[in-house]
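Summary of structural features
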Amino acid sequence: MSIFWMALITAMLMIARMIYTRYVPISGVPCVEPKKQQNDQTITIDIRDYQEADNDKFADALVIPIAYLKRYYHEIPSRSIYIVASSHLEKNLAIRFLKNKGFHIVGYTLTTCKCKDKVTGLV
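Below you will find a few notes about this structure. For clarity, every value in this text was computed on a predicted model and none was experimentally measured. (Residues numbered from 1 in each chain as written. Predicted model: local features only at pLDDT ≥ 70, side-chain atom pairs only at ≥ 80, totals over all residues. Heavy atoms only, no water.)

**Focus on the layout of surface pockets**
Taken as a whole, the largest pocket spans an internal volume of roughly 200 Å³. Those elements that place two or more of their residues in the lining of the largest pocket are helix H3 (69–72) and helix H4 (88–100). Among the elements that take part in the lining of the largest pocket, H4 stands out by supplying 5 residues, more than any other. Grouping the amino acids of the lining of the largest pocket by side-chain chemistry returns 6 nonpolar, 2 polar and 2 charged. (1 Å grid on protein atoms, 1.4 Å probe; cavity = no way out; pocket = protein on both sides within 12 Å on 5 of 7 lines; lining within 4 Å. Points joined across faces, edges and corners; volume = space filled by probe spheres on them. Helix = DSSP H or I, 4+ residues; strand = E, 2+ residues; numbered from the N terminus. Nonpolar A, V, L, I, M, F, W, Y, C, P; charged D, E, K, R; others polar.)

**Focus on H4**
Between its terminal C-alpha atoms H4 stretches 18 Å, which fits the 18 Å expected from 13 residues at 1.5 Å a residue. Turning to H4, its buried residues number three or more, namely Glu90, Lys91, Asn92, Ala94, Ile95, Arg96, Phe97 and Leu98. Here the buried face of H4 lies against helix H1 (3–23), H3, strand E3 (80–85) and strand E4 (104–110). In the stretch just after H4, Gly102 is the one whose phi turns positive, near 100 degrees. (Expected span 1.5 Å × (residues − 1). Buried < 20%, exposed > 50% of the residue type's maximum accessible area, 1.4 Å probe, protein only. Contact = heavy atoms within 4.5 Å.)

**Some thoughts on the sheet that holds strand E1 (residues 42–46)**
Across the sheet, 4 strands lie side by side as E2-E1-E3-E4; this open sheet has parallel pairing. Because the sheet does not close on itself, it has two edges, and the strands there are strand E2 (61–63) and E4. On average, adjacent strands in this sheet sit at an angle of 30 degrees to one another, irrespective of strand direction. Bridge count for E3 against E4 is 6 bridges, and the pairing is parallel. The partner of Tyr82 across the bridge, within E4, is Gly107. Of the strands in this sheet, E3 and E4 are in contact with H4, which crosses E4 at around 170 degrees. (Pairing = 2+ DSSP bridges. Axes fitted to C-alpha atoms, helices over the stretch in contact; angles between N-to-C directions.)

Now the structure itself:
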């Protein structure tokens, strides 16, 4: 097998992994109403930019933008996590990263999308 074909296959695998990581939804993490998720065992993480999070605040949310998540994830308490994001891309990247670090994600809310099939309670 020539070097060209090996490089082509490697490049295609890298592109496929990037597309999967960014755009394929995570199973088992429901879209939940923000008011339904509040309890003592759950912490809300707002991964939107600081300006956007400041304009539309969530009560008692820990604001860590997605760009800073890799640097500051160790400051997140080890409880169940509820994610607030502005897009599916941010949500997918944050949930995959936090799950790989051992956190339990119970749900998410997208501020730009009002899910019609939101789960009424947490599992």
